[in-house]
Amino acid sequence: MAITLQKIAGGILFALILVVGLNLVVNGMMPKDDSVAPAVIAAAEGGIQMQAGQPAEIGAAAGAGPAAAPEEPLPQRLAAASVEKGREVAKRCQTCHTLNQGGGIKVGPNLWGVVGRPKASFPGFAYSDAVKSLGGTWTYADLDKFLTKPAAAAPGTKMTFAGLPDPALRADVIAYLRSISPNAPPLPK
Ligand code: HEC
């Protein structure tokens, strides 16, 4: 009997130890699970945020339309323009134009003093009817329009230059042309 009771008691003790031990193991893991869970959630959220960041960037890039947004008015652009940068950009014009005082005709007319000069008036140059029919003098606004896309501003022009779509760059060139134009009118306000 005694042996049997001992066995039973031992069995119960063993079972208790098992239960307590299991509890310890399980409880021991619970805090781990709790601490792991937020980390997993944070990682998952991080992942979601990163993924969400991509469409946001794409949206920003599409919204980078600010570049394509309404351009700054010409007076502001001219006020911020750089004659030095314009001089650099004007090298592209020199394929066809002389820019110095007394310069002659190349593919196009000499551009020294062009700001404020009557349009299509350089002596000896055979202007197209398109430019001849523009009328008036070269104002800042007219140059801005013409230089954006000559073929659009004066359909049929002989100036086979694609144009300067960048509004700031255009202002730089116009500021440079102004610097070589003694009869240039005051800058527009
Ligand atoms: C591929 C040659 C070529 C290039 C490059 C070129 N032009 Fe011209 N440009 C011409 C020709 C040709 C004319 C005459 C247009 C006409 O009669 O239709 C002209 C006319 C002009 C006129 C009108 C002049 C006047 O007396 O009425 C201006 C202003 C002008 N160009 C500015 C520029 C500027 C600024 C650049 C550089 C950003 C430039 N052009 C680049 C060929 C060129």
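Our subject in this report is the structure included herewith.

About the thresholds
Residues numbered from 1 in each chain as written. Predicted model: local features only at pLDDT ≥ 70, side-chain atom pairs only at ≥ 80, totals over all residues. Heavy atoms only, no water. Near = heavy atom within 4 Å. Polar contact = N/O pair within 3.5 Å; in protein donor to acceptor, adjacent residues only side chain to side chain. Helix = DSSP H or I, 4+ residues; strand = E, 2+ residues; numbered from the N terminus. Nonpolar A, V, L, I, M, F, W, Y, C, P; charged D, E, K, R; others polar. Donors = N, O, S within 2.8 Å, 3.2 Å for Na, K, Ca; no water. Tetrahedral: all angles 85-135°; square planar, octahedral: opposite > 155°, others 65-115°. Buried < 20%, exposed > 50% of the residue type's maximum accessible area, 1.4 Å probe, protein only. Axes fitted to C-alpha atoms, helices over the stretch in contact; angles between N-to-C directions. Parallel < 35°, antiparallel > 145°, perpendicular 65-115°, else oblique. Left-handed = near helix turned anticlockwise from the far one by under 90°. Contact = heavy atoms within 4.5 Å. Salt bridge = Lys/Arg side-chain N within 4 Å of Asp/Glu carboxyl O.

**Things to note about the site of the ligand**
Thinking step 1. Within the structure, the ligand sits among 28 residues, and Cys-93, Cys-96, His-97, Ser-128 and Met-159 are positioned closest to it.
Thinking step 2. At 2.4 Å, a side-chain N or O of Ser-128 approaches an oxygen atom of the ligand.
Thinking step 3. Here an oxygen atom of the ligand sits 2.7 Å away from a polar atom, N or O, in the side chain of Trp-138.
Thinking step 4. Of all the secondary structure elements, the ones that give two or more residues to the shell around the ligand are α5 (140–148) and α7 (167–179).
Thinking step 5. In terms of residue count, α5 provides more of the shell around the ligand than any other element does, 3 residues in total.
Thinking step 6. The class makeup of the residues in the shell around the ligand is 19 nonpolar, 5 polar and 4 charged.

**Digging into the coordination of the iron atom of the ligand**
Thinking step 1. Taken together, His-97 (NE2) and Met-159 (SD) make up the protein donors of the iron atom of the ligand, found 2.0 to 2.1 Å from the metal.
Thinking step 2. Coordination at the iron atom of the ligand is octahedral, judged from the 6 donor atoms that bind it and the angles of 85 to 179° they form at the metal. Of this pair, His-97 sits in the loop between α3 (83–89) and α4 (129–132) while Met-159 sits in the loop between α6 (150–153) and α7, placing them 62 residues apart in sequence.
Thinking step 3. Looking at Met-159, the relative accessible area reads 22%, which means it is partly exposed.

**With respect to the packing of α5 against α7**
Thinking step 1. Closest axis-to-axis distance for the α5/α7 pair is 10 Å, and the angle between their directions is 130°. The angle between α5 and α7 places the two elements in the oblique class. The two elements α5 and α7 cross, and the hand of that crossing is right-handed. Taking contact as the criterion, the partners of Tyr-140, Leu-143, Asp-144, Leu-147 and Thr-148 in α5 are, on α7, Arg-170, Val-173, Ile-174, Leu-177 and Arg-178.
Thinking step 2. Of the residues contributing to the contact of α5 with α7, the split by class is 6 nonpolar, 1 polar and 3 charged.

**Structural notes on the pattern of salt bridges**
A side chain of one charge can pair with a side chain of the opposite charge when the charged atoms of the two come close.
Thinking step 1. Applying the stated rule across the entire model yields 8 salt bridges.
Thinking step 2. The salt bridge involving Asp-142 is made with Lys-119; its shortest N-O contact spans 2.6 Å. Of the two residues, Asp-142 sits in helix α5 while Lys-119 sits in the loop between α3 and α4, which places them 23 residues apart along the sequence.
Thinking step 3. By relative accessible area, which is 28% here, Asp-142 ends up partly exposed.
Thinking step 4. Here Lys-119 falls in the buried class, since its relative accessible area comes to 12%.
Thinking step 5. Of the charged contacts, one joins Lys-132 and Asp-129 as a salt bridge, the two residues approaching to 3.8 Å between their closest N and O atoms. With Lys-132 and Asp-129 both in helix α4 and 3 residues apart, this pair spans about one turn of that helix. Residues Lys-132 and Asp-129 agree in their burial class; the two are exposed.

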